[in-house]
Amino acid sequence: MNSTLLKLVVISCFLALTACQTALVNEQSNTSCIQVDGLWESYWYSDNSACGGTGEFGKSSSLVTQHECRVEDNWTTGQIVGNRVTWNSKPFNVHGGTVTHPNPLISVISNKKISGIHDWSWSDGVIDCDGTTKFYGFIFPVDATDEVKALYGPWQGATSNGSNLNLAVNEVRDKEVLLTIRESDVEKENVARITSDNPLIFTGKLDNLPYEFSLAPDLASLSGTLNGVQISLTPVDKEHKAWERNPYLFHKEGRVQHTFSVEAPGATDVFLAGEMSDWRPDVFRMIKDGNDRWKLTLYLPQGAWQYKFVIDGNWTQDSKNPEKNYDGFGGYNSVLTLGQEDKAQRFNPNIPHGTVQTVNIESQSLETDVPFAIYLPPGYDAKKEDTYPMMLLLHGWGENEQQWISDGKIENFMNNAIDEGVINPFIIVIPNGDKSYYTGDWEQHIMDEVLPYVRSKYRVGSGSKTTAIAGVSMGGFGAFYLTHKYPESFGMSIPISGYFNLNKYYPDVKFDVPMQAQLHLYCGTDDHISFHSNEKFAELLENNGIEFSYTRSEGGHTWRYWNEITPDILKLVSDYFSHQDGG
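To keep things clear, this report deals only with the structure shown in the data block. All values derive from a computational prediction rather than experimental measurement. (Residues numbered from 1 in each chain as written. Predicted model: local features only at pLDDT ≥ 70, side-chain atom pairs only at ≥ 80, totals over all residues. Heavy atoms only, no water.)

Quick look at the state of the cysteines
Consideration 1: One pass over the structure, following the stated rule, counts one disulfide.
Consideration 2: Bridging Cys33 to Cys69, the disulfide has an S-S length of 1.8 Å. Because the sign of the S-S torsion sets the handedness, a value of about 85° for the bond joining Cys33 and Cys69 places this disulfide among the right-handed ones. Of the two residues, Cys33 sits in the loop between helix 1 (3–14) and strand 1 (38–47) while Cys69 sits in the loop between strand 2 (56–67) and strand 3 (70–72), which places them 36 residues apart along the sequence.
Consideration 3: Residue Cys33 is classed as buried on the basis of its relative accessible area, which comes to 13%. (Disulfide = S-S within 2.5 Å. Helix = DSSP H or I, 4+ residues; strand = E, 2+ residues; numbered from the N terminus. Buried < 20%, exposed > 50% of the residue type's maximum accessible area, 1.4 Å probe, protein only.)

Quick look at helix 9 (residues 531–543)
Consideration 1: Helix length check: helix 9 (13 residues) gives 18 Å between terminal C-alpha atoms against 18 Å at 1.5 Å per residue, within 8%.
Consideration 2: For helix 9, the full list of buried residues reads Phe531, Ser533, Asn534, Phe537, Ala538 and Leu541. The arc enclosing the buried residues of helix 9, seen along the axis, measures out at 150°, which places them on a common side.
Consideration 3: Contacts from the buried residues of helix 9 go to helix 7 (474–485), helix 8 (502–505), strand 34 (518–524) and strand 35 (549–553).
Consideration 4: Looking one or two residues beyond helix 9, the residue adopting positive phi is Gly545, at roughly 70°. (Expected span 1.5 Å × (residues − 1). Arc of directions from axis to C-beta. Contact = heavy atoms within 4.5 Å.)

Topic: unusual backbone geometry
Consideration 1: Not every positive phi belongs to a glycine, and Glu367 is a case in point at roughly 60°.
Consideration 2: Residue Glu367 is classed as exposed on the basis of its relative accessible area of 73%.
Consideration 3: A positive phi is found at Lys409, a non-glycine position, where the angle reads about 50°.
Consideration 4: Here Lys409 shows up in the loop between helix 4 (403–406) and helix 5 (410–419).

As for the pattern of salt bridges
Between side chains of opposite charge, a pair can form as their charged atoms come close.
Consideration 1: Taken as a whole and judged by the stated rule, the model has 12 salt bridges.
Consideration 2: Measuring nitrogen to oxygen at the nearest pair gives 2.5 Å for the salt bridge that ties Asp327 to Lys308. Residue Asp327 is found in the loop between strand 26 (324–326) and strand 27 (332–338), and its partner Lys308 is found in strand 24 (residues 303–311); the two are separated by 19 residues along the sequence. You'll find Asp327 and Lys308 in the same group, each marked buried.
Consideration 3: Overlapping salt bridges, with partners in common, bring together Glu263, Arg293 and Lys320 in one network. (Salt bridge = Lys/Arg side-chain N within 4 Å of Asp/Glu carboxyl O.)

Topic: the packing of aromatic side chains
Consideration 1: Applying the stated criterion across every chain yields a total of 26 aromatic pairs.
Consideration 2: Judged by centre distance (6.4 Å) and plane angle (35°), the ring pair of Trp279 and Trp315 falls under tilted. Within this pair, whereas Trp279 is found in the loop between strand 20 (270–274) and strand 21 (284–285), its partner Trp315 is found in strand 25 (residues 314–316), the two being separated by 36 residues in sequence.
Consideration 3: Accessibility expressed as a relative area gives 27% for Trp315, which makes it partly exposed.
Consideration 4: Both rings, one in Phe500 and one in Phe537, keep their centres 3.9 Å apart while their planes meet at 15°; by these two values the pair is stacked. With Phe500 in the loop between strand 33 (492–496) and helix 8 and Phe537 in helix 9, this residue pair connects regions lying 37 residues apart in the sequence. (Phe/Tyr/Trp six-rings, centres within 6.5 Å; stacked < 30°, edge-to-face > 60°.)

Right, dumping it as structure tokens:
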């Protein structure tokens, strides 16, 4: 399904606060419910990466009326239970296909603020496409003015003396504005008074220092003074208290300050997107500074950061930065290294090194030559009588056999860990899986061509006790899929941030026979692409009595996170191999 059609589907869903959900409505006899009636305005971001898209962002409005604990808008009805509204709906048709939702849509309400997340699927019987949509917004009085609505949310900027300032409007009541002001690392709640409606001006005092802000006629900026110091602010993004989601906007001990900049003549909106935003396109809004130049200062931990600029919706590489990595979509991500990377992933010239080879083999299943990469540990050539265990390492969607080398720095990780005696040597094979989810012809290529070739040409052990498999993102699904389908081949499976769409890629999965391999899941809790999928997959495994471990830790769908957990994964694999040897 193309991006235009997908956008129409998502917009159709959100015209009525996503009246596209199949909901299980809980009855509630208590008629004392939170008040949710009013004008609902929600911003939504739809992740369609599983369909090959780069995401869609939009806004919807709907008038919601309430009678006791039941609510309705012009499309559907809902039920209030606690601080949640569960909406009723049915599948509907759009552009030759059907939109369905496997889970109920639940809107979470907190102090007149709305948030939620749901899954969707579109199918025309030939093409299937699915994804996840997140939404957030506010409930306004029906007669709220555009100025009041524009005031809500977080704003960022700087004072004329150079200090950073953030302001978030939490609520507007009559002639009062409840807000939070944060200057540098100091955050304080405050109450201001609206002294003018047109233009909207509010005044107050912070630590007995007077301030005044005025909303611009185009509703796109705030200007004012704090104790006589000039201040200019622009919206951060559409979600309340963005600095809680984006701590990189503020200085913290050990972080490195860096100002990103790009020239974008005629641009209306410019965002910085990358590993610092978990590749969300609408998190870090850049500020126009002078003629056609946009800037944003962040305070980031040391190490490598991949990023792009999103200029009026177009993802753009930083043309002034020569460091880059392939992005899996036919372009490149820019790479910025601040300070030093962690020792475990840095190249060390003073230790023995393994070698990485790229090998092309003729594939009968794919009818072409296909490359794979192989890492051979230090001493492999000298110890010609030794055999080694092997780990199959799978890349993500749209990438290739080089991803774990360029992005994953697996050669450095292995060399350093072996030298320090943290792990025992083993061989790593990185096949090419294109965009296949390691099913179909690519599945046969790996199982019937790559693995037999490696075993015939390299000194690797045979059987599941000497073979492990791991993978990231699409490769995380592949690591589970191949292990479950070929139980005799792998003794350990490690899906990393896997995207588990079993209905689409493994519809005949059955758990009537326990898995023979050890299964270890890893996923970052900030991963907007795969965390929800991992949570549901873990629940499925538990319900079917499958033994597994699940490591959740802070991190996104990024190589920052995957590089951080790589040492743990290599140690886990090495310990498994050692245990099979009786060590």
